[in-house]
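Chain residues, written in single-letter form:
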Number of protein chains: 2
Amino acid sequence: MTKYGQFCPVAKASEIFAERWTPLILRELLCGSHRFSELEHGLPKISRSLLAQRLRFLESAGLVERRVMPGSRSPEYHLTDAGQDLYDVVIRLGEWSHRWFNPLIDERDLDPQLLLWDMHRRLHKDCLPDRRVVVQFDFTGDLAGSYWLILEPEESSVCWDPPGFDVDLIVRADTLTMHRVWLGHQSFADALSKRLIELDGAQELARAFPDWLALSHFASVRGTYQAIPTARA
Amino acid sequence: MTKYGQFCPVAKASEIFAERWTPLILRELLCGSHRFSELEHGLPKISRSLLAQRLRFLESAGLVERRVMPGSRSPEYHLTDAGQDLYDVVIRLGEWSHRWFNPLIDERDLDPQLLLWDMHRRLHKDCLPDRRVVVQFDFTGDLAGSYWLILEPEESSVCWDPPGFDVDLIVRADTLTMHRVWLGHQSFADALSKRLIELDGAQELARAFPDWLALSHFASVRGTYQAIPTARA
DNA sequence: CAGTATCCGATGCGATACTG
DNA sequence: CAGTATCGCATCGGATACTG
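About the cut-offs
All chains use their own residue numbering, which begins from 1 and follows the written sequence. Labels are handed out in written order, letters beginning with A for the chains and numbers beginning with 1 for the ligands. Note on the predicted model: pLDDT of at least 70 is required for a residue's local features to be given, and 80 or more for side-chain atom pairs to be given and counted; whole-chain, interface and lining totals, by contrast, use all residues. To obtain the side-chain values, all non-hydrogen atoms of the structure were included, while hydrogens and water were left out. We call two residues in contact whenever any of their non-hydrogen atoms come within 4.5 Å of each other. Buried area is a sum: the accessible area each of two parts loses on coming together, probed at 1.4 Å, counted once for each and added. In what follows, salt bridge is the name for a side-chain nitrogen of Lys or Arg lying within 4 Å of a carboxyl oxygen of Asp or Glu. Here is the rule: rings of Phe, Tyr and Trp (six-membered ring for Trp) pair when centre to centre is within 6.5 Å. Planes less than 30 degrees apart are stacked, more than 60 are edge-to-face, and the remainder are tilted. Relative accessibility thresholds used throughout: buried, under 20% of the residue-type maximum; exposed, over 50%; partly exposed, between the two (1.4 Å probe, protein chains only). In our convention, an over-ring charge means Lys NZ or Arg CZ found within 6 Å of a ring centre and within 35 degrees of that ring's normal. Counting from the N terminus, the helices are the DSSP runs of H or I reaching at least four residues and the strands are the DSSP runs of E reaching at least two. A molecule or strand has a residue near it when one of that residue's heavy atoms lies within 4 Å. Pairs of N or O atoms are called polar contacts if they sit within 3.5 Å, as long as, within protein, a hydrogen donor faces a hydrogen acceptor (for residues adjacent in sequence, only side-chain-to-side-chain pairs). Only Asp, Glu, Lys and Arg are considered charged, only Ala, Val, Leu, Ile, Met, Phe, Trp, Tyr, Cys and Pro nonpolar, and every remaining residue, Gly among them, polar. Only residues with pLDDT of at least 70 in both copies count here: their C-alpha atoms drive the least-squares fit that superposes the copies.

A.B. asks: Can you tell me about the interface of chain B and chain A, naming the residues and giving the values?
C.D. replies: Contact with chain B, which involves 55 residues of that partner, is made by 55 residues of chain A. Both sides together, the interface formed by chain B and chain A hides about 5,000 Å², and carbon and sulfur atoms give 66% of it. The three residues of chain B that bury the most area against chain A are Y4, F7 and W96 of chain B, which together make up 17% of that side's buried surface. Our count for the contact surface shared by chain B and chain A stands at six salt bridges. We note a salt bridge from D109 of chain B to K12 of chain A, for which the minimum N-O separation is 2.6 Å.

Structure representation (structure tokens):
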């Protein structure tokens, strides 16, 4: 780690916080990922060695605590009070980006798999039926492909390969549109009405689906771009 | 610039904000430095080429505007609205560090020259006398050396070499102590009473000195370390 | 599953020299 | 003063293979 050689608190904080990948690792921990493999799912492009290195550094810096649970042999990573205290910074950083830049999603940032992973963490569990429900996502357009969300009363999971179970609901969606809806740039209802998203399954499931699906934390942040005249307004 | 390949607003923001040196450059701009040379003073360890590169990138990202003033030929760098909107993030980042870590100043982060530069930006101008006052700082201990603060009604400046003017006030201070006072870890009065800081000059100037000298923005932030028992408490 | 060890290539960055 | 251009090294980090 290279230092800045400045006593200024902004510099000292940046030596820890502003390293590559670190804000995203903190985001993952703040969102409730604790196991190494969970962190990897939320950070698909980080290498194992680098993730391990960063976690070690964050532990030495006092932001992260590595816990080896007596029951399982999978260690868990948890934020310390100091780490948790970065919540505001991480959130405001994201909100800032969402306010000023986000309506334009770079094609290279599309990632259906990551999208599903994010979704399965924010489901409104109390709205889910009391049995297992399997939702199949058929993405069309860029990065077309199918993924499955397995919603169980206790915990839900994501599959990239067909699970053995019967599918209860199929969501056919344009890849970019699904991202836009998730980030709040387009409403679910609007995407449905334009047939950019189509639902196929039992009526009750299809009707309830938008209720289970919580959008990104940032979806509710108003962007300044809405005030910027696009063409002769 | 390497990207993260994620649509998440935290990731998109980090691609801009969390690059090396960038939070410190933003801090400088937020503190009111606008010319290239001013930025260099506040970032003594950055290389010219890197500073230029970062400024170009921040301009292309829409956070910074490069203005060539008609009167002077020195261009100025100003934050756009989007850049200014990062104020909260930068401040909270610094406050976070100050809360959890800052009482222990790393010896390698001491920098009397930077300290003086920071000071001259935060002087309480309205408390200054209506004439030029020259303050000589004699740092003792680590990094001993002398520096001069030239306080003029209109603008103040820092000298690393003896200015031609007569000295009105001498501040003899232990280097680490002066840093600690600046950051709010020790009160000016306490340092004076322990003779870690000594003032030498006309009574009125010496008495008024602590009034001119505004401390760091972060000096007023309460640290959690004060609640941590050090030894058997 | 949760890492570590090693290798090697890309690039980030500092140093130096030059320019209007 | 406010940069740009070039060079060369150091380190960062990805890929792969290995381990308990």
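Back to the write-up after that little detour.
A.B. asks: A description of the packing of aromatic side chains should follow, citing residues and the corresponding values.
C.D. replies: Taken as a whole and judged by the stated rule, the model has 14 aromatic pairs over all chains. Where W96 of chain A meets F101 of chain A, the ring centres are 5.3 Å apart and the plane angle is 75°; that geometry is what we call edge-to-face. For F101 of chain A, a relative accessible area of 24% gives the class partly exposed. Among the aromatic residues, ring-to-ring pairing joins F137, F139, Y147, F188, F209 and W212 of chain A into one connected group. Taking the ring centre of F165 of chain B as reference, the NZ or CZ of R132 of chain B above it sits at 3.5 Å.

A.B. asks: Provide a residue-level description of the pattern of salt bridges, including the pertinent values.
C.D. replies: Once the charged atoms of two side chains with opposite charge are near each other, the side chains can pair. Per the stated rule, a full pass over the model turns up 31 salt bridges over all chains. Of the charged contacts in the structure, one is a salt bridge between E15 of chain B and K12 of chain B, with a shortest N-O distance of 3.0 Å. You can see E15 of chain B and its partner K12 of chain B sitting in helix α1 (residues 9–17), three residues apart, about one turn around the helix. With respect to class, E15 of chain B is no different from K12 of chain B; both count as buried. One salt-bridge network, in which partners are shared between bridges, spans R27, E28, D118 and R121 of chain A.

A.B. asks: Lay out the protein's contact with DNA strand D with the relevant residues and their values.
C.D. replies: Residues and elements named next belong to chain B. If you check the shell around DNA strand D, you find 16 residues, and the closest are R35, S37, R48, R66 and Y77. When atoms of DNA strand D within 4 Å of the protein are split into backbone and base, the sugar-phosphate part holds 82%. Here S74 contributes a side-chain N or O atom positioned 3.1 Å from a phosphate oxygen of DNA strand D. Residue composition of the surface near DNA strand D, grouped by class: six nonpolar, four polar and six charged.

A.B. asks: How would you summarise the relation of the copies chain B and chain A if you had to cite specific residues and measurements?
C.D. replies: For the pair chain B and chain A, the best superposition has an RMSD of 0.0 Å and corresponds to a rotation of 180° with a translation of 0.0 Å parallel to the axis. Here the transformation between the copies is reduced to the relation of a two-fold axis. Closest approach to the rotation axis within chain B is made by the C-alpha atom of A18 of chain B, at a distance of 2.2 Å. Of the residues that chain B buries at the interface, 100% are likewise interface residues in chain A, meaning the two copies contact each other through the same surface.

These figures capture arrangement, not role.
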